[in-house]
Amino acid sequence: MSTYRDLTLTHRGSARSTVLRTIGSRERRSHLTAPRVPTVGIDIGGTKVMAGVVDADGIILEKIRTETPDKSKSPKVVEDTIVELVLDLSDRHDVHAVGIGAAGWVDADRSRVLFAPHLAWRDEPLRDALQSRLAVPVMVDNDANTAAWAEWRFGAGRGEDHLVMITLGTGIGGAILEGGQVKRGRYGVAGEFGHMQVVPGGHRCPCGNRGCWEQYSSGNALVREARELAAADSPVAYNIIARVGGNVSEITGPLITELAREGDAMCVELLQDIGQWLGVGIANLAAALDPSCFVIGGGVSAADDLLIGPARDAFRRHLTGRGYRPEARIAKAQLGPEAGMVGAADLARLVARRFRRATRRRVERYERYERYAQQLGRRDPAGPEDQDKQ
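About the thresholds
- Residues numbered from 1 in each chain as written.
- Predicted model: local features only at pLDDT ≥ 70, side-chain atom pairs only at ≥ 80, totals over all residues.
- Heavy atoms only, no water.
- Helix = DSSP H or I, 4+ residues; strand = E, 2+ residues; numbered from the N terminus.
- Buried < 20%, exposed > 50% of the residue type's maximum accessible area, 1.4 Å probe, protein only.
- Areas by Shrake-Rupley, 256 points an atom, 1.4 Å probe, with all protein chains shown as cover.
- Patch = residues over 30% accessible without salt bridge, like charges linked within 9 Å, V, L, I, M, F, W, Y side chains within 5 Å.
- Salt bridge = Lys/Arg side-chain N within 4 Å of Asp/Glu carboxyl O.
- Core = buried A, V, L, I, M, F, W, Y, C linked by side-chain atoms within 4.5 Å.
- Contact = heavy atoms within 4.5 Å.
- Pairing = 2+ DSSP bridges.
- pLDDT = per-residue confidence, 0-100.
- Axes fitted to C-alpha atoms, helices over the stretch in contact; angles between N-to-C directions.

Participant: Residues and numbers for the overall build of the chain, please.
Facilitator: Each helix and strand in the chain was counted, giving eleven helices and 13 strands. Looking at the chain as a whole, 51% of its 390 residues are labelled buried. For the chain, the exposed area adds up to about 18600 Å²; of that, 49% sits on carbon and sulfur atoms.

Participant: Go over a nonpolar patch on the surface with me, naming the residues and quoting the values.
Facilitator: Together, W105, L114 and F115 make up a nonpolar patch on the protein surface, roughly 250 Å² of accessible area in all. By the secondary structure assignment, F115 is in strand β6 (residues 113–115). A relative accessible area of 34% means that F115 is categorised as partly exposed.

Participant: Could you give me a rundown of the pattern of salt bridges, with the residues and numbers involved?
Facilitator: A full pass over the atoms with the stated rule returns 22 salt bridges. D123 is the salt-bridge partner of R112, the closest N and O atoms lying 2.8 Å from each other. With R112 in the loop between β5 (105–106) and β6 and D123 in strand β7 (residues 122–124), the pair connects residues that are eleven residues apart, well separated along the chain. One salt bridge connects D313 with R316, and the closest N-O pair in it is separated by 3.7 Å. Of this pair, D313 and R316 both sit in helix α9 (residues 305–318), separated by three residues, roughly a single helical turn. R316 sits in the partly exposed class, given a relative accessible area of 40%. Here the residues in one salt-bridge network are E62, D88 and R92, joined through shared partners.

Participant: Could you give me a rundown of the nonpolar core, with the residues and numbers involved?
Facilitator: Counting residues in hydrophobic clusters, the biggest one holds 44 residues, and the most contacted among them are I166, I240, L278, F294 and F315. Among the secondary structure elements, those contributing two or more residues to this core are β9 (162–168), β10 (172–178), α5 (219–231), α6 (238–243), α7 (253–261), α8 (265–289), β12 (293–297) and α9. Element by element, the count of residues in this core is highest for α8, at ten residues. Apart from residues lying up to four places away in sequence, I240 is in contact with I251, L255, I256, L259, M266 and C267. The next biggest cluster of nonpolar side chains, apart from the first, holds 28 residues, and it includes V49, A51, V53 and A116.

Participant: Can you lay out the environment of A156 for me, pointing to particular residues and giving the numbers?
Facilitator: Note on placement: A156 falls in the loop between α4 (143–154) and β9. When its relative accessible area of 6% is taken as the criterion, A156 is described as buried. When the C-alpha positions of A156 and G297 are compared, they lie 10.0 Å apart, and in sequence the two are 141 residues distant. Other than its neighbours up to four places away in sequence, A156 contacts E151, V295, R329, A331, K332, A333 and Q334.

Participant: A description of the sheet that holds β7 should follow, citing residues and the corresponding values.
Facilitator: Strand order in the open sheet formed by three strands is β5-β6-β7, and the pairing between neighbours is antiparallel. Where the open sheet ends on each side, the last strands, each with one partner, are β5 and β7. When β6 meets β7, the two strands line up antiparallel, connected through two bridges. Each residue of the ladder has a partner; that of V113, found in β7, is E124.

Participant: I'd love a proper account of the confidence of the model for the chain, names of residues and values included.
Facilitator: Per-residue confidence for the chain gives a mean pLDDT of 84, with 82% of residues at or over 70. Overall, residues 1–23 carries pLDDT values under 50, and its contacts beyond four positions in sequence, including any with other chains, amount to 38 contacts.

Participant: Any details on the sheet that holds strand β3 (residues 60–67)? Residues and values, ideally.
Facilitator: The strands making up a sheet associate through hydrogen bonds between their backbones, and the pairing can be parallel or antiparallel. Taken together, five strands build an open sheet; the order of strands is β3-β2-β1-β4-β8 and the sheet is mixed. Taken across any chain shown, the strands that pair with only one partner, and hence form the sheet edges, are β3 and β8 (138–142). Ignoring strand direction, the axes of neighbouring strands in this sheet form an average angle of 15 degrees. With respect to the sheet, α4 is in contact with β1 (39–44), β4 (98–102) and β8, its orientation differing from that of β8 by roughly 100 degrees.

Below, the structure is given as structure tokens:
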């Protein structure tokens, strides 16, 4: 006699492919009826892989973290790391789905990582590779999208119908959320705000262009400016030079923020510069998208009002139609570095629901077929062996 588990395993592959193709068009309000089951969220960056079990209220039940395998290694090494983390968490929790927030471009079907700057992923079929090894459905999305979803559901963006998230880290990432749905664009790569050109012919960007926004308002921009001043032995940099013992390469974003909080004039000014460029970019996005709220996340946002205060001032100065239009709210993200992980887990709950429904329908059809076959057997007094003899 076939069991529910047997039937689930039999139909899992086809159910997943059907379900995951339709999830994007049905996100709106679907979180309200998604199953309240624990799921695993995974945030993959250039330096770390963070995994956690998250409940339906966005509460992290358990979190583990490991270093990201070197980018020169094969994609399978990263996949092995993800599988190990999921299996580890599954030993202690009843996991129903896995969500991946990847630092890279993810296609519109959320099945392939088209490009990841810090990992050896080039058109990598990550979802299918993981689903073939894990016994639960898998969802893959861009890490900024998953962070924005988390802030909308549980953080600084709650109650907002039109939200834009900007993540300030090594570069600038972003996401657009409207009416309870992440806007991914036709090809899945919307929200790459960091590569808007703000200074024609400006600093060269790793993307190959010049003058990209992230070259003026990001962790890399902050550190670059501080190191240039220190390398030139500028009098305003004496404090930070002394702090690193003259080793300019040891100047980091967190150190600059720490010194700014202590009142170091140069570090305060550098954060103001980054904040002003942030405000300029936000004003441009407001002209294009007109959201009600901008949420600022990422590691650089730890500078709080040292960064966001100047950004608000610059936003008001550069906003198109200033004084004659409502101004969007600018808020710091509330969920910190766990936002991408929490959002990935919550989005995976939507996949878990649809996968379970699709599986249940297939099981019900199979059970009806078995009952029908049994009824036919009872009506025919001659069994299969008697029919062969006839």
